[in-house]
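What the coordinates show
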Amino acid sequence: QVQLVESGGGLVQPGGSLRLSCVASGSIFNAFSIYTMAWYRQAPGKQRELVATIYSGGSTNYADSVKGRFTISRDNAKNTVYLQMNSLRPEDTAVYYCNKYMSPASWGQGTQVTVAP
């Protein structure tokens, strides 16, 4: 059974930081290290959008809106992807999800990030 479990969200003031984690389990993730993984987010009333990707070799890409503030990383030994979020803004408020970048697996529950005074 494929499972993606995101955690680390919460309420934070503008300018604050959070670190999200995502643990991937299940048969397809036995090959976790070869997959390009990604973080996505979905704000209320908006479509899910791509935030950051990390390739098997460790190279990364970011949406322009988070470039310079967010950092994606991975620990293949733990089947885990991280998203370090600094200088958070109210517009970063959303539910954050991780998944494979291409051919996504079943989506997890996500983790809520709320940025407000």
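Above this text is the structure in question.
Observations regarding the packing of aromatic side chains
- According to the stated counting rule, one finds four aromatic pairs in the structure shown.
- Both rings, one in Tyr40 and one in Trp107, keep their centres 5.1 Å apart while their planes meet at 80°; by these two values the pair is edge-to-face. On the criterion of sequence distance, the pair formed by Tyr40 in strand S4 (residues 37-42) and Trp107 in the loop between strand S9 (94-100) and strand S10 (111-115) is long-range, its members being 67 residues apart.
- For Trp107, a relative accessible area of 32% gives the class partly exposed.
- With centroids separated by 5.9 Å and ring planes inclined at 85°, the aromatic side chains of Tyr97 and Trp107 adopt a geometry described as edge-to-face. One end of the pair, Tyr97, is in strand S9; the other, Trp107, is in the loop between S9 and S10, with 10 residues separating them in the sequence.
- Assessed through its relative accessible area of 11%, Tyr97 is described here as buried.
- Here Arg19 stacks its cationic end above the ring of Tyr82, 4.0 Å away from the centre of that ring.

Digging into the pattern of salt bridges
- Taken as a whole, this structure holds four salt bridges when the rule is applied.
- We note a salt bridge from Asp92 to Arg41, for which the minimum N-O separation is 2.9 Å. Within this pair, whereas Asp92 is found in the loop between strand S8 (80-85) and S9, its partner Arg41 is found in strand S4, the two being separated by 51 residues in sequence. Per residue, the accessibility class of Asp92 equals that of Arg41, and both read buried.
- Of the charged contacts in the structure, one is a salt bridge between Asp92 and Arg69, with a shortest N-O distance of 2.8 Å.

Looking at the nonpolar core
- Within the largest apolar cluster, 29 residues are counted, with the highest numbers of intra-cluster contacts made by Phe29, Trp39, Val51, Phe70, Leu83, Met85 and Tyr96.
- At the level of secondary structure, the elements contributing two or more residues to this core comprise strand S3 (18-25), S4, strand S5 (49-54), strand S7 (70-75), S8, S9 and S10.
- In contact with Met85, other than residues within four places in its own chain, are Gly16, Ser17, Leu18, Leu20, Arg69, Phe70, Tyr96 and Val113.

Description of the environment of Met102
- Here Met102 lies in the loop between S9 and S10.
- Note: C-alpha distance between Met102 and Tyr35 (67 residues apart in sequence) is 8.5 Å.

With respect to the sheet that holds S7
- Ordered in space as S1-S3-S8-S7, the four strands form an open sheet in which the pairing is antiparallel. Only two strands of the sheet have a single partner each, and these edge strands are strand S1 (3-7) and S7. This sheet shows a mean twist of 15° between the axes of neighbouring strands, independent of strand direction.

Here is what the cut-offs are and how they apply
Numbers given for residues are sequential positions, taken from 1 along each chain in its written order. Whole-chain, interface and lining totals are the exception, using all residues; otherwise, since this is a predicted model, local features are given only for residues with pLDDT of at least 70 and side-chain atom pairs are given and counted only at 80 or more. The side-chain quantities take in all heavy atoms of the structure and omit both hydrogens and water. Aromatic rings from Phe, Tyr and Trp, taking only the six-membered ring of Trp, are treated as a pair when their centres fall within 6.5 Å; an angle between ring planes under 30 degrees marks them as stacked, one over 60 as edge-to-face, and anything in between as tilted. Here a strand is any run of E in DSSP of at least two residues, a helix any run of H or I of at least four, and the numbering for each starts at the N terminus. Here's how the labels work: a residue is buried when its accessible area is under 20% of the maximum for its type, exposed when over 50%, partly exposed in between, all with a 1.4 Å probe on protein chains only. Any Lys NZ or Arg CZ found within 6 Å of a ring centre and within 35 degrees of that ring's normal is scored as a charge over the ring. For salt bridges, the criterion is a side-chain nitrogen of Lys or Arg within 4 Å of an Asp or Glu carboxyl oxygen. In these notes, a set of buried Ala, Val, Leu, Ile, Met, Phe, Trp, Tyr and Cys residues joined through side-chain atoms within 4.5 Å is what counts as a nonpolar core. Between two residues, a contact is recorded if the distance between any of their heavy atoms is within 4.5 Å. Strands qualify as paired when DSSP identifies two bridges or more between them. Where helices are involved, their axes are fitted lines through C-alpha atoms of the stretch in contact, as for all axes, and angles between N-to-C directions lie from 0 to 180°.

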